[in-house]
Each structure stands twice: as C-alpha cells, then as structure tokens.
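# Examination of the molecular architecture
Here are the chains, one letter per residue:
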Amino acid sequence: MDEAGRGCLAGPVVAAAVILPPVYHLPGLADSKLLTARQREALAPAIRGCAVAWGLGVVWSRRIERVNILQATLEAMSRAAATLRRPPGLLLIDGNKTIPEALLLAWWRKSPAAPPRQRAIVGGDRCVPAISAASILAKTFRDRLMAALARRWPGYGLERHMGYGTAEHLAALRRLGPCPQHRRTFRGVLPDAPAEAWGKLC
C-alpha cells in the first residue's frame, strides 16, 4: 500500500493497495516519484491488468480538515484495503506507521472477519514491488482527479502542480483565495491558517 497527495494544499489524499502474482512482467516498475508522468501512465494499466487484486481509497479535503492529514491518510488506506477483491494475508505499508486496528475494522467487510496483519516499511516504495505498483496507481489516479478539478476550478494551475504548494499555486491563492478543494487548515491556504497540519506529515 502507498498514498499520493499527503503534502498537498488542495485535493484529496489517495491510497492504493495492490496484490501482485508470484510471477509478473512489469518492466520499469519503480517508485512513482522516480518515474515520469508518461512512464507512470504506461505502467498503470499494465499493473491493473496483471494484479491479483487492486483497490483505491480517497479522502477529500473537508474530511482531511476534520481529522488531520495523518488520520485521513490511514483512512484512505483502510478504504483501499477494503476494496480488494481478494483479502490479503499481510498489508505491507510504505512508511513508518500501520493502520490502527479499529480504523481498519471500520471498513473491513470481508471474510474472515479479522483484518490482515500489517507491516510498515520505510522506503517500501523503492524496495517492495507491490508497494511500487501501489504508488503508481495512487499517483496516476490522483493526477487525473486533479486535472478534472482544474477544469472545475480554473486559475490555480492544479493540473500542473497537482495541489502542491508551488510558487505558482501560492500566488494563485493570494490572487483568488481558496476554492472548495483547498485544505484550509494547511499553511499557505489562508493568510492566518494554523500550522498544525504540517506537524502531522511525518
């Protein structure tokens, strides 16, 4: 499992879960951050085509504001795991945190009733192929969402920076103010926004 959009000022956080078969052919598979957009777009359908199962979880900006970005990310991961058509025996999660069992259980509707075991792997998106695949699916899905949001709320450049706090984005926020997709608890979105969300990123 991996996520995309955790550090953005706008748009949802998206998590993906992927179960790869014992044998697969995905040349070029790597952490999404090491690939170009064209490479990710080429790999995404190949991953979906060969995966034993894959799933996505999305948590939107208003929910992020209510529960903070860390909790929203873990919720997105819970949703992604719950959509897998084959229950995994073990969740391998990129990063240093696993999903609280109560949160995972809230979304788990599979048999057996007990949710899978979990293991957090720092840098897993670079060393575990299934996590690399999840990072690509999360990133490509979120990028397409942001392009659609850019058409609904033009002027911010969301289709270029994908909601990250670039100079272009911050200038647009000063000029236009936030749109409904902005995370108003994140520094830079509102002039006097609290910085609490930034402390949740690690």
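Details of the structure are given in the entry above.
Remember, predicted model here, so these are calculated numbers, not experimental data.

### Focus on the overall build of the chain
When helices and strands are counted, the chain shows eight helices and five strands. Along the chain, from the amino end to the carboxyl end, the secondary structure elements read β-β-α-β-α-α-β-α-β-α-α-α-α. By its C-alpha atoms, the chain is 50 × 35 × 25 Å across when sized along the principal axes. A burial count over the chain gives 49% of its 202 residues as buried. Looking at the chain alone, contacts between residues at least 24 apart form 69% of all its contacts between residues at least 6 apart. Total accessible area computed for the chain in this model is approximately 9700 Å², and 57% of it derives from carbon and sulfur atoms. Taking the average location of the 29 positive side-chain charges in the chain and that of its 14 negative ones, the two points are 4 Å from each other.

### Observations concerning the environment of proline 100
By secondary structure assignment, the location of proline 100 is in the loop between β4 (90–94) and α4 (101–107). Along the sequence, proline 100 and threonine 140 sit 40 residues apart, while their C-alpha atoms lie 27 Å from each other.

### So, the packing of aromatic side chains
A complete count under the given rule lists zero aromatic pairs for this structure. The ring of tryptophan 54 carries arginine 48 above its face, with NZ or CZ at 5.9 Å from the centroid.

### Structural notes on unusual backbone geometry
Even without being glycine, asparagine 68 reaches a positive phi, approximately 85°. With respect to the helices and strands, the residue asparagine 68 is situated in the loop between α2 (61–67) and α3 (69–83). Positive phi is not limited to glycine here, since methionine 162 has a value of about 60°. Residue placement: methionine 162 occurs in the loop between α7 (158–161) and α8 (167–176).

### Some thoughts on the environment of serine 32
Mapped onto the elements of the fold, serine 32 is located in the loop between β2 (13–19) and α1 (37–50). For serine 32, a relative accessible area of 7% corresponds to the buried category. Along the sequence, serine 32 and threonine 140 sit 108 residues apart, while their C-alpha atoms lie 8.8 Å from each other. Once residues within four sequence positions are removed from consideration, serine 32 is found in contact with Arg40, Ser135, Ile136 and Lys139.

Definitions and limits used
Residues numbered from 1 in each chain as written. Predicted model: local features only at pLDDT ≥ 70, side-chain atom pairs only at ≥ 80, totals over all residues. Heavy atoms only, no water. Helix = DSSP H or I, 4+ residues; strand = E, 2+ residues; numbered from the N terminus. Buried < 20%, exposed > 50% of the residue type's maximum accessible area, 1.4 Å probe, protein only. Contact = heavy atoms within 4.5 Å. Areas by Shrake-Rupley, 256 points an atom, 1.4 Å probe, with all protein chains shown as cover. Lys, Arg positive; Asp, Glu negative; His and termini not counted. Charge placed at Lys NZ, Arg CZ, Asp CG, Glu CD. Phe/Tyr/Trp six-rings, centres within 6.5 Å; stacked < 30°, edge-to-face > 60°. Lys NZ or Arg CZ within 6 Å of the ring centre and 35° of its normal.

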